[in-house]
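# Architecture and fold: a report
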Amino acid sequence: MLRVGLTGGIGAGKSTVSRLLVQLGAVLVDADVVAREVVAVGTPGLAAVVEEFGPDVLAADGSLDRPALGRIVFGDTARREALNAIVHPLVAARRAELAAAAPDDAVVVEDVPLLVETGAAPTYPLVVVVDADAAERERRLVTERGMEVEAARARIAAQATDEERRAAADVLLPNPRHRDGVPDPLPGLVERLWRERLVPFEEGLRAGRRGPVPVGTPAEGDRHRVLHRLSRAGGPAWLFEGDRWPLGAWVSAESGLADLGYVPAGQRRWDSADPGCAVSVTVLPEVIERLSVGGPT
Ligand code: ADP
């Protein structure tokens with residue numbers, strides 16, 4: 001099984017890409033569904049929200065009155081953080097539960113709107129970002145979802161910037177404005193992502209086989225993402241200089257590597273199964289300690 005984090009700014013096209021991936025065979029963990037489930041009537045999540053914000057956030061039928069809650073938290077950072085502190089852990093736990101219930105050979109795509117904002121990118125073996133610039137997203141929200149311009153701008157401004165999201169992307173799927181009469185390139189891009197990266201990555205993980213070494217040279221961004229992921233998997237990590245694949249790394253612990261796209265490769269060795277990002281890892285806690293390296297900056 002491979003877990004993929006799919007994100008993008010509001011209106012970028014996450015739902016569109018999710019749909020295409022499901023058609024190709026992915027199992028979708030849908031953010032909207034999860035967000036509703038964790039505060040459904042009778043859940044501890046809803047009880048915690050009412051405890052924090054009072055009974056006025058309940059509708060007459062006892063369900064969460066989202067617009068009422070939205071009015072409280074939207075312009076108020078402290079209140080929004082209080083809500084997030086309740087909801088985000090429940091959402092993450094429910095997502096993990098749904099992913100774990102998928103078949104062994106599944107490519108599980110988790111639609112996570114705030115993946116970058118919550119710092120969750122390094123917890124996924126692969127992060128796919130659907131990319132449309134903020135002006136185009138605003139246009140879609142206004143013309144296609146009927147939002148007020150001010151509301152659309154406020155929603156966009158409350159999220160990560162395009163640059164922050166691009167920096168977290170292992171795969172960037174450009175989804176600029178699609179004009180009538182011109183073939184939409186998005187389905188082809190998604191199909192290629194599925195065939196050339198997601199399926200072989202998943203198969204490699206399941207077979208315990210490392211990915212092929214990509215052609216080309218790793219970019220600075222690749223190095224950053226690898227280091228963040230390795231540090232998340234097992235404490236301080238050290239990435240060697242070098243402009244060739246595979247990247248070489250030392251890590252202090254191996255406990256989290258299997259969940260982040262790595263396969264065991266013999267004593268103290270792990271390799272990435274990602275066909276787009278080859279990394280050879282050696283587990284050397286004693287050396288890491290001597291180097292006294294910190295986490296990535
Ligand atoms: P998200 O799930 O990221 O918020 P959606 O997939 O719902 O985004 O897309 C937002 C809106 O933009 C939808 O109405 C969708 O039909 C439209 N849309 C998506 N991709 C494009 C595109 N390339 N060109 C024009 N409109 C698009």
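To start, this report covers the structure provided alongside it. Just so you know, these numbers come straight off a predicted model, no measurement behind them. (Residues numbered from 1 in each chain as written. Predicted model: local features only at pLDDT ≥ 70, side-chain atom pairs only at ≥ 80, totals over all residues. Heavy atoms only, no water.)

## Thoughts on the overall build of the protein
The test is simple: Per the convention used, a helix needs a DSSP run of H or I reaching at least four residues, while a strand needs a run of E reaching at least two, with both numbered from the N terminus. Radius of gyration: C-alpha atoms only; globule rule: 2.2 Å multiplied by the number of residues to the exponent 0.38. Summary of the burial criterion: residues with accessible area below 20% of their type's maximum are buried, those above 50% are exposed, and those between are partly exposed, where the area comes from a 1.4 Å probe applied to protein chains only. Any two residues whose heavy atoms approach within 4.5 Å at even a single point are treated as in contact. Per-residue accessibility takes into account occlusion by the displayed protein chains alone, with areas from the Shrake-Rupley method and a 1.4 Å probe.
Looking only at helices and strands, one finds 11 helices and 10 strands in the protein. By the compact-globule yardstick of 19 Å for 297 residues, the protein fits well, its C-alpha radius of gyration being 21 Å. By its C-alpha atoms, the protein is 60 × 50 × 35 Å across when sized along the principal axes. The 297 residues of the protein split such that 44% are buried. Contacts spanning at least 24 positions in sequence make up 69% of the contacts within the protein whose residues lie at least 6 apart. A total accessible area of about 15000 Å² is found for the protein, and carbon and sulfur atoms account for 54% of it.

## As for unusual backbone geometry
Here W245 and P246 are connected by a cis peptide whose omega angle stands at -10 degrees. Position of P246 among the secondary structure elements: in the loop between β6 (237–239) and β7 (247–251). Here R268, not a glycine, exhibits a phi torsion of approximately 60 degrees, which is positive. Note on placement: R268 falls in the loop between β8 (262–264) and β9 (269–272). R268 sits in the partly exposed class, given a relative accessible area of 39%.

## Here we look at the packing of helix α6 (residues 134–143) against helix α7 (residues 149–157)
When two helices pack together, you describe them by how their axes are tilted relative to each other and by the distance separating the axes. To keep it simple, the criterion reads: Here an axis means a line fitted to C-alpha atoms, over the contact stretch when the element is a helix, while the angle between two N-to-C directions is reported on a 0 to 180 degree scale. For classification, angles of less than 35 degrees are called roughly parallel, those exceeding 145 degrees roughly antiparallel, those between 65 and 115 degrees roughly perpendicular, and all remaining angles oblique. Take the far helix as your reference; a near helix turned counterclockwise from it by less than a right angle gives a left-handed crossing, and one turned clockwise gives a right-handed crossing. Residues are grouped as follows: nonpolar covers Ala, Val, Leu, Ile, Met, Phe, Trp, Tyr, Cys and Pro; charged covers Asp, Glu, Lys and Arg; every other residue, Gly included, is treated as polar.
Direction vectors running N to C along α6 and α7 enclose 135 degrees, while the axes themselves pass 9 Å from each other. The angle between the axes of α6 and α7 places the two elements in the oblique class. Once α6 is placed against α7, the crossing between them reads as right-handed. Contacts from A134, R137, E138, L141 and V142 of α6 reach α7 at V149, A152, R153 and I156. Looking at the contact of α6 with α7 residue by residue, the classes come out as 6 nonpolar, no polar and 3 charged.

## Some details on the pattern of salt bridges
Let me state the cut-off plainly: What makes a salt bridge here is a side-chain nitrogen of Lys or Arg within 4 Å of a carboxyl oxygen of Asp or Glu, nothing more.
Per the stated rule, a full pass over the model turns up 23 salt bridges. In this structure, the salt-bridge partner of R165 is E117, at a minimum N-O distance of 3.9 Å. Taken as a pair, R165 in helix α8 (residues 162–167) and E117 in the loop between β3 (107–111) and β4 (126–131) lie far apart in primary sequence, 48 residues in all. Look at E117 and you get partly exposed, because its relative accessible area is 31%. Residues joined by salt bridges that share partners form a network here, namely E117, R137, D162 and R165.

## Section: the sheet that holds β3
This is how the line gets drawn: Following DSSP output, two strands are said to pair if at least two bridges run between them.
Ordered in space as β2-β3-β1-β4-β5, the 5 strands form an open sheet in which the pairing is parallel. One side of each edge strand has no neighbouring strand; the edge strands of this open sheet are β2 (27–29) and β5 (171–174). Adjacent strand axes in the sheet meet at a mean angle of 25 degrees, parallel and antiparallel pairs treated alike. Here helix α5 (residues 77–100) sits on the sheet and contacts β1 (2–7), β2 and β3; the angle it forms with β3, its principal contact strand, is near 160 degrees. On the sheet, helix α9 (residues 186–207) packs against β1, β3, β4 and β5 and is oriented at approximately 165 degrees with respect to β5.

Such coordinate-based values are descriptive only and should not be taken to indicate function.
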